[in-house]
Amino acid sequence: MSLRIGILGAARIAPAALIKPAASAPSVSVVAIAARSRDRAQAFATRHGIPRVYAGYDELLADPDIDAVYNPLPNGLHGRWTLAALAAGKHVLCEKPFTANAAEAREIAQVAAASDRAVMEAFHYRYHPLALRVEEIVASGELGTLQRVETALCFPLPKFSDIRYDYALAGGATMDAGCYAVHMARVFGGETPSVVSASAKLRSPRVDRAMTAELAYPSGHTGRVECSMWSSSLLKISAKVIGSRGSLSVFNPLMPQAYHRLTARIGESRRTEKFPRRSTYAYQLDAFAAAVLRSEPVKTSAADAVETMTVIDEIYRAAGLPVREPS
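Predicted model only: the values in this text are computed from it and were never measured.

A. Representation of the sheet that holds strand S5 (residues 91-94). The sheet built from six strands is open, its strands ordered S3-S2-S1-S4-S5-S6 with parallel pairing. Edge positions in the sheet fall to strand S3 (52-54) and strand S6 (119-121), since each of these pairs with one other strand and no more. Sheet twist, expressed as the mean angle between neighbouring strand axes with direction ignored, is 25°. Pairing analysis gives three bridges linking strand S2 (residues 28-34) to S3, with the strands arranged parallel. Across the sheet, residue Ala34 finds its bridge partner in S3, namely Tyr54. This element, helix H9 (residues 280-294), spans strand S1 (3-8), S2, strand S4 (68-71), S5 and S6 of the sheet and lies at about 120° to S1.

Have a look at this one:
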């Protein structure tokens, strides 16, 4: 069996996130692309060797020879076109953040649960051996009782006309960078936390360029997430888990193809574990193909996305900013 995928939108992330790993996956083919204009779709298809071109997303979804879609559209459009894909009988790999807000995520989760289609949020790091190993160490009790989890994704995006700063497209640092930090806080903390407080630095009255939030977990440990697209923290990609007997620090937890490693400090001992250089996107595509072709469960399901979006909504409210809305 093979998996035939169509892309909704000629997004910059698509080559690294899907096209390149698909080229090395015998069971996966990228067979179609749709964009806002046929010319734009054709240029993308020519550049990347995609055989079929559509002038609109609805046309691609109507193609019975496409099994699944990759949805890398702007944040505010994720929900609408994921629902449309499910209505057309397609499996969906949707870029993060999954939706504009938690209410929209709950709607899609209900539709997904009632269907036999695979729906997966594209948190690619979650499928890499590094993330699985962190989760294993935390669950083992080696660190002792969990005390604190700190996660961060900060990078510079000084092009303020970028759609990621556009409120109408559900933009903001907490959506674009913060969704990673929130998701890592959930996974590495072992639970979904509540938001104690949050503080934003603004690009415009409703759009954050940076955010920090303090978290509280049901089991009693605390956490902090930090994210920015423009702040004094120009580049920060990290995760740290602190327990009563030791701590765990993660280097490059989110980079698709980098030197991934973790360092564990237990009492007086210290060890470093290294991981394959294979792209996180390749592991993600493996998981998506397994979900579609063999009905294997995914770690970043629509139900999981509801939990992440709930925390993001809480962060915005705590910071005095409006929850994002679908476009």
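B. Local environment of the pairing of strand S10 (residues 222-228). The element S10 is extensively covered by neighbouring structure, given that five of its seven residues are classed as buried. Pairing geometry for strand S7 (residues 146-154) and S10, over seven bridges, is parallel. Its bridge partner being in S10, Cys154 is matched across the sheet by Ser228. Note: strand S9 (residues 207-216) against S10, seven bridges, orientation antiparallel. Among the inter-strand pairings, Ala213 is bridged to a residue of S10, identified as Val225. The turn joining S9 and S10, which pair antiparallel and follow one another in sequence, is formed by five residues; a positive phi near 115° is taken by Gly220.

C. Structural detail: helix H8 (residues 178-189). Along its twelve residues, H8 runs 16 Å from first to last C-alpha, staying within 8% of the 16 Å computed at 1.5 Å per residue. A large share of H8 lies buried, amounting to twelve of its twelve residues. Residues of H8 that are buried: Gly178, Cys179, Tyr180, Ala181, Val182, His183, Met184, Ala185, Arg186, Val187, Phe188 and Gly189. Once H8 ends, the next one or two residues include Gly190, with phi positive near 80°.

D. Looking closely at the side chain of His124. Tracing the backbone through its elements, the reader meets His124 in the loop between S6 and helix H6 (129-140). There is a polar contact of 2.6 Å between the side chain of His124 and the side chain of Thr280. Not counting chain neighbours up to four residues away, the residues in contact with His124 comprise Lys96, Tyr180, Leu254, Pro256, Thr280, Tyr281 and Gln284.

E. View of the packing of aromatic side chains. Applying the stated rule across the entire model yields six aromatic pairs. For the ring pair Tyr57 and Trp81, a centre distance of 5.1 Å and an interplane angle of 75° mean the geometry is edge-to-face. Of this pair, Tyr57 sits in helix H3 (residues 57-61) while Trp81 sits in helix H4 (residues 75-87); the two residues are 24 residues apart in sequence, bridging distant segments of the chain. Judged by relative accessible area, Tyr57 falls into the buried class, the value being 13%. Considering the side-chain rings of Phe160 and Tyr165, the 5.3 Å spacing of their centres and the 70° angle between planes classify their relative orientation as edge-to-face. For Phe160, a relative accessible area of 28% puts it in the partly exposed group. What links up through ring pairs into an aromatic cluster is the set Phe123, Tyr125, Tyr180 and Phe188. Geometry around Tyr283 places Arg278 over its ring, the cationic atom sitting 4.6 Å from the centre.

Rules of the game
- Residues numbered from 1 in each chain as written.
- Predicted model: local features only at pLDDT ≥ 70, side-chain atom pairs only at ≥ 80, totals over all residues.
- Heavy atoms only, no water.
- Pairing = 2+ DSSP bridges.
- Helix = DSSP H or I, 4+ residues; strand = E, 2+ residues; numbered from the N terminus.
- Axes fitted to C-alpha atoms, helices over the stretch in contact; angles between N-to-C directions.
- Contact = heavy atoms within 4.5 Å.
- Buried < 20%, exposed > 50% of the residue type's maximum accessible area, 1.4 Å probe, protein only.
- Expected span 1.5 Å × (residues − 1).
- Polar contact = N/O pair within 3.5 Å; in protein donor to acceptor, adjacent residues only side chain to side chain.
- Phe/Tyr/Trp six-rings, centres within 6.5 Å; stacked < 30°, edge-to-face > 60°.
- Lys NZ or Arg CZ within 6 Å of the ring centre and 35° of its normal.

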